[in-house]
Amino acid sequence: MSRLTYCSACLVAALYAPGSLAAAPAVTAATQTGAAARTFADTQRDASHATQTRQAIQPGTGDDPPSAQLLAASAAQTKPVTLTPIEVRGAQTTSIIAQQRLTPGAVSVVDADTFRQRSVTNMADALRYVPGVLMESNTGGSDGILSIRGSNLTALNYDKGGVTLLQDGLPVSSADGANHNRLLDPATARDVIVAQGTNALAYGASDLGGAIDFISRTARNSDPRQLTLRGGSYGLVDGALGTGGVSGDFDGMLTLEARHFGGYRQHSREDIVSAFGNFGWQPSDSFNLRTYATWIDSRQQLAGALTRAEFDANPRQGDPSYVLGNHQVNVKTGRLATKGTWIIDADHWLEFGVSYEVQSLYHPIVDVYDFSIDPPPDYFSLLIDTVQRTAGGMLRYHWTIGDHNVVAGVNLAYTIDRGGNYQNEHGQRGTRTDDVYQRAGNATLFALDRWGFAPGWTLVYGAQGVTTNRNVRDVSLAYGSLRDQRGNYSSINPRVGLIRALGSDSEVFANASRVYEPPNNFELDNDIHKDDTIQHATQGTSFEVGTRGATASAVDATRWHWSLDLYYARIRNEILSVEDPTEPGNMLSTNYPRTIHAGVEALVGASFPIAGDANRIEPLVSFAWNDFRFDDDPTFGNNRLPVAPRFVLHGEVMFRNTASGFYAGPTFEVAGARHADMTNSYRVGGYGLVGLRTGVQRNQWDLYVEARNLTGRHYVNTVTALTQAGADARVLNSGGPRSLFAGFTLHY
């Protein structure tokens, strides 16, 4: 069976309409492995062939040909400027066609085919080269922190709020915006779309961080018949087997995966067994329907944070309370979703979808031991055992009117979380202490117009309406007391942007948008007042300017690609940590009057030929500079917010031989200093890491080997946020030591 290698761009800064990532085709030409890249003009002439081999990246359908065909027709109707996408080539150089609506802000697309060229076992690995995304694993497994543009820099960052997670355009995040129970598995993805900040408007997200959407692999957008084996340091063993195909109007695929990671820290083992599949029906060029099913059983031990003395003595040890209490986060997930597209005519089309997800959480998480006594008594403990159910839906209507391309829609989500809190007895349920009931509903309506009012100029304007409610109900069984927090939030969030095309291959843009993020149920439950008081919604105004582009040169010439975004947001009532005055060391949440989130996100890459086009040197650098701080706060003045490094840089320099599919080169990562507290009295130094990866891509198989942290440096990967951290505070999580990983994929 011959195999086409799809777009090998590691990262594409997508030029979508703001907030409406479903509104633009990104047609990518497929080439045989080892074939030389063509010029942009060549790929334009071959657009029809490309449409047959790699369909549009879009939430809602992701891969289905009708959408691509309609969007191409829509593009012709509105006469947009066609731009070359900004691409960071992580494999052999290939060409990419882009006929996309422009967005005056940062939206990035990661091609998941490149995950076969390096070790990718979690979201942190998958998003390594996306500037502005702080996604770090605490212990090398799936658990970690998630922050985009300074979202969720609190002691409650275990809820991973502030960023909306979706799969095929439908919610994985609960309706209140939290992502506590699970993140997304890169193994399921064909493409990963990251809409930074307010560029995620049409996803129903006006959060500070934005949205991340995993577009599923199908039998139409990828090879379903794959056997993947991965292994490496600290007990990593991972295997996945996929099967499926296309038969007339129908297609389907099924993938089974099992993963074990022993962990590089004490008490950090992870075991995951999963199955995911989908079934598609496309009876005509104007209609398609797809149903998705997912089942995941994830079990992960938690190592906890260390003091500085413990880190210096042995950074691979665990928090003694976490080890003795056998802290874990175990989640069983079942999910069903259906998505469809109906092309009404050349100027009108409709997207629709529904989803239902059940997450069963078993979570021993708190123990307060007195280790001065042998055996240590446990003064307080907590084990959470709940079942969360989330239903979601979306509807988007697109139409073109002259030079206007309009999209309007609605996103719906409803979550109920029921169960109880128990005493923790070394990982087993003890006495039940509380009945837990949490509920959230969310509805967003939006409308956007992309108006090509003059050659090379596009005005994008629109608004989002949000209405959402919260109910956090907790009954103490020991005291018979009831805590019942209820809140309703609503807002109109306008957005306006402008794009100026600078020729056919580059552009500059600017936008102004409203930020609006109501508290999630974790934040309400941990409110400083400990009563029925509810917090205010985080809100503010965000400004963004930037440029992106690529050179369109001959096959054997040097090629460049870049993106640069500068953003500045003035925020009111941001929800951050506060120390409980009655229980020192216990962190709760509250609103802070004013904060500022500003930064620079940059991506630059190149491809330099060496003695012709068969051999090339391809550097890639992703950089983010962060300025997240209080704004004349009565307590903290203009201090920097904790957790986020001052800057983060990821990069690589790859040698590639396109004839053989061989690649090799060094990788590097540099992070600046950060603070673990709001008083900025506990400073955590930066670090620099170097690695190496190499591999071969062939028609029927792929092989990679990756070495990380070659110098064996001990460094702090993530920190816990406190109000003021003392010398003995447990706030440090150690990063991965020297490691070696390898992977092999067979296309059968």
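Keep in mind the model is a prediction, meaning the values are calculated, not measured.

For the rest of this paragraph, the subject is the overall build of the protein chain. Secondary structure summary: the protein chain contains seven helices and 35 strands in total. Within the protein chain, the fraction of its 748 residues that count as buried is 63%. In the protein chain, the proportion of contacts linking residues at least 24 apart, taken out of those at least 6 apart, comes to 69%. Of the roughly 25200 Å² of accessible surface on the protein chain, a fraction of 59% belongs to carbon and sulfur atoms.

On to the side chain of Asp 125, then. In this fold, Asp 125 is placed in helix H4 (residues 123–126). Here Asp 125 falls in the buried class, since its relative accessible area comes to 9%. Polar side-chain contacts of Asp 125 include one of 3.0 Å to the backbone nitrogen of Thr 121. The contacts of Asp 125, once residues within four sequence positions are left out, are Arg 118, Ser 119, Val 120 and Arg 708.

The subject of this paragraph is the environment of Ser 734. If you trace the backbone, Ser 734 turns up in strand E34 (residues 732–734). A residue is classified by how much of its surface remains accessible, and Ser 734, at 2% relative accessible area, is buried. Residues Ser 734 and Arg 316, spaced 418 residues apart in sequence, show a C-alpha to C-alpha distance of 7.0 Å. Residues in contact with Ser 734, not counting those within four places in the same chain, are Asn 138, Tyr 264, Arg 265, Phe 311, Pro 315, Tyr 715 and Asn 717. Of note is the side chain of Ser 734, whose polar atom sits 2.6 Å from the backbone oxygen of Pro 315.

For the coordinates displayed, the defined rule picks out 17 aromatic pairs. Relative to Phe 522, the ring of Tyr 158 has its centre 6.0 Å away and its plane inclined at 80°; by these criteria the two rings are edge-to-face. Taken together, the residues span a long stretch of sequence, with Tyr 158 in the loop between strand E5 (144–148) and strand E6 (163–167) and Phe 522 in helix H7 (residues 521–525) at a distance of 364 residues. What makes Phe 522 partly exposed here is its relative accessible area of 22%. Here the aromatic residues Trp 281, Phe 287 and Phe 352 are joined through ring pairs into a cluster of three or more. Here the guanidinium or amino end of Arg 149 rests over the ring plane of Tyr 567, the centre of that ring lying 4.3 Å away. The ring centre of Tyr 422 lies 4.7 Å from the NZ or CZ of Arg 429, which sits over that ring.

Scanning the model with the defined rule gives 38 salt bridges in all. A salt bridge links Asp 251 to Arg 290; its shortest N-O distance comes to 2.8 Å. Taken as a pair, Asp 251 in strand E12 (residues 250–261) and Arg 290 in strand E14 (residues 287–301) lie far apart in primary sequence, 39 residues in all. What makes Asp 251 buried here is its relative accessible area of 4%. As a salt-bridge pair, Asp 627 and Arg 629 come within 3.3 Å of each other at their nearest N and O atoms. When salt bridges with common partners are traced through the structure, they connect Asp 111, Asp 113, Arg 116, Arg 190, Asp 191 and Asp 702 into a single cluster.

Attention now moves to the nonpolar core. Taken as a class, soluble globular proteins show a tendency for nonpolar side chains to be buried jointly. Counting 29 residues, the largest nonpolar core has Tyr 592, Phe 630, Tyr 682, Val 719, Val 731 and Leu 732 as the members making the most contacts within it. Counting only elements with at least two residues in this core, the list comes to strand E24 (559–579), strand E25 (587–610), strand E26 (615–630) and strand E33 (716–719). Ignoring sequence-local partners within four residues, the contact set of Val 731 consists of Ala 305, Leu 306, Ala 676, Tyr 682, Thr 718, Val 719, Thr 720 and Leu 722. One finds Ala 112, Leu 127, Leu 183 and Val 194 within the second-largest nonpolar core, a separate group that totals 23 residues.

On the surface, a cluster of nonpolar side chains totalling about 470 Å² of accessible area is made up of Leu 241, Trp 701, Leu 703, Phe 744, Leu 746 and Tyr 748. Those elements giving two or more residues to the nonpolar patch turn out to be strand E32 (701–708) and strand E35 (739–747). By the element assignment, Leu 241 lies in strand E11 (residues 236–247). Look at Leu 241 and you get partly exposed, because its relative accessible area is 43%.

Take the pairing of strand E23 (residues 538–550) next. The two faces of the sheet receive side chains in turn, since in a regular strand these alternate between them. Here strand E22 (residues 506–517) pairs with E23 via 12 bridges, running antiparallel. Counted as the bridge partner of Val 508 is Thr 547 from E23. Direction of pairing for E23 relative to E24: antiparallel, over a ladder of 12 bridges. Each bridged residue has a counterpart across the sheet, and for Ala 550 the counterpart in E24 is His 561.

With that settled, the discussion passes to the confidence of the model for the protein chain. In the predicted model, the protein chain carries a mean pLDDT of 86, and the fraction of residues at 70 or more is 86%. Contacts for the low-pLDDT stretch residues 1–100, under 50 throughout, to residues beyond four places or in other chains number 354 contacts.

This paragraph deals with the pairing of strand E16 (residues 348–369). Where strand E15 (residues 328–345) and E16 come together, 15 bridges link them in antiparallel fashion. Bridged to Asp 345 within E16 is His 348. Inspection of the sheet shows E16 paired to strand E17 (residues 378–401) by 21 bridges, in the antiparallel sense. Looking at E17, one finds that Ser 360 is bridged to Val 387.

Relative to the elements of secondary structure, Thr 558 occurs in the loop between E23 and E24. Between the C-alpha atom of Thr 558 and that of Ile 610, which follows or precedes it by 52 residues, the distance is 9.7 Å.

What follows deals with unusual backbone geometry. With an omega dihedral of -5°, the bond running from Asp 374 to Pro 375 counts as a cis peptide bond. Look at Arg 149: it is not a glycine, yet its phi comes out positive at around 55°. Within the fold, Arg 149 resides in the loop between E5 and E6. Here Arg 149 falls in the buried class, since its relative accessible area comes to 4%. Positive phi values are uncommon outside glycine, yet His 267 reaches one of about 60°. Looking at the secondary structure, you find His 267 in the loop between E12 and strand E13 (270–284).

Here His 398 lies in strand E17. Taking the C-alpha atoms as reference points, His 398 and Ile 344, separated by 54 residues in sequence, lie 10.0 Å from one another. At 2.9 Å, the side chain of His 398 and the side chain of Glu 351 are in polar contact.

Of note, Glu 136 is situated in strand E4 (residues 133–137). Buried within the structure, Glu 136 lacks any salt-bridge partner; its nearest side chain of opposite charge belongs to Arg 674, at an N-O separation of 7.4 Å. With near-sequence residues (within four places) excluded, Glu 136 lies in contact with Ala 124, Asp 143, Gly 144, Ile 145, Glu 669, Tyr 687, Asn 717 and Thr 718.

Rules used throughout
- Residues numbered from 1 in each chain as written.
- Predicted model: local features only at pLDDT ≥ 70, side-chain atom pairs only at ≥ 80, totals over all residues.
- Heavy atoms only, no water.
- Helix = DSSP H or I, 4+ residues; strand = E, 2+ residues; numbered from the N terminus.
- Buried < 20%, exposed > 50% of the residue type's maximum accessible area, 1.4 Å probe, protein only.
- Contact = heavy atoms within 4.5 Å.
- Areas by Shrake-Rupley, 256 points an atom, 1.4 Å probe, with all protein chains shown as cover.
- Polar contact = N/O pair within 3.5 Å; in protein donor to acceptor, adjacent residues only side chain to side chain.
- Phe/Tyr/Trp six-rings, centres within 6.5 Å; stacked < 30°, edge-to-face > 60°.
- Lys NZ or Arg CZ within 6 Å of the ring centre and 35° of its normal.
- Salt bridge = Lys/Arg side-chain N within 4 Å of Asp/Glu carboxyl O.
- Core = buried A, V, L, I, M, F, W, Y, C linked by side-chain atoms within 4.5 Å.
- Patch = residues over 30% accessible without salt bridge, like charges linked within 9 Å, V, L, I, M, F, W, Y side chains within 5 Å.
- Pairing = 2+ DSSP bridges.
- pLDDT = per-residue confidence, 0-100.
- Lys, Arg positive; Asp, Glu negative; His and termini not counted.

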